[in-house]
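Secondary and tertiary structure notes
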Amino acid sequence: MNRLFLFAACLLLSLLVYTCGSTNTQQFEGPFFDLAGYMQQEIESLQQEEVELEKTITLNGETETQRISDINYEQELLLFRNADINKPAWIEKYELSTEELPEEQIRMTYTATDSTLMTQLLVVIQQDEEVAAIRIIRKTGSVLSKGRQELIYLPRELYSIEAKQEGRVGGHLNSLIEGRFLP
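Residues numbered from 1 in each chain as written. Predicted model: local features only at pLDDT ≥ 70, side-chain atom pairs only at ≥ 80, totals over all residues. Heavy atoms only, no water.

1. Focus on the side chain of threonine 56
Take threonine 56: it is sitting in strand E1 (residues 52-59). Here threonine 65 takes part through its side chain, which lies 3.0 Å from a polar atom of the side chain of threonine 56. What threonine 56 contacts, discounting residues up to four positions off in sequence, is Thr63, Glu64, Thr65, Leu176, Ile177 and Glu178. (Helix = DSSP H or I, 4+ residues; strand = E, 2+ residues; numbered from the N terminus. Polar contact = N/O pair within 3.5 Å; in protein donor to acceptor, adjacent residues only side chain to side chain. Contact = heavy atoms within 4.5 Å.)

2. Considerations on the sheet that holds strand E5 (residues 119-127)
Here we have 9 strands laid out as an open sheet, ordered E2-E1-E9-E8-E7-E6-E5-E4-E3, and antiparallel in their pairing. Two strands close off the open sheet at either side, each with one partner strand: strand E2 (62-68) and strand E3 (94-101). Between one strand axis and the next, the sheet turns through 10 degrees on average, direction left out of account. The pairing of E5 with strand E6 (residues 130-141) spans 8 bridges and is antiparallel. Within the sheet, the bridge partner assigned to threonine 119 lies in E6 and is arginine 138. Sitting on the sheet, helix H2 (residues 35-48) touches E5, E6, strand E7 (145-154) and strand E9 (172-182), and the angle it makes with E6 is about 115 degrees. (Pairing = 2+ DSSP bridges. Axes fitted to C-alpha atoms, helices over the stretch in contact; angles between N-to-C directions.)

See below:
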């Protein structure tokens, strides 16, 4: 089963390389929720507190779970940081809708108006001005495949990355990576 973890790690690394592109080190404080800044704070906090992780990987129906104590949260949560939509060129490319929910929660939904953008949907739920949940829909792919990722982040509880990839030449890949933060 360790081969499954190794394969999933290689898959995640290739997704990161493909979806990251070049990173801009210049700070931009845009009009949208600062996902990159928020995730960086979470990463620093998790690493400083040395939070352990129970990680479950399911790849095309085959599942493996491991408890990990020495985790690099910078790498583990990089897809979330890279889904940030605060780029100067994208100011007009997302629509924001805000909704009040029960229990004094607010849902902010950012929807892409341009189908070529990778991050198609970003939903942030806040309660008492603290992030309670984040949901992201991203499209991925290349000339040979098309895909979709759904990312969920619940602070201090769990994160999940579900990816579905369809090969144009054949073959499908379905994966789910779920990490539960341990006290």
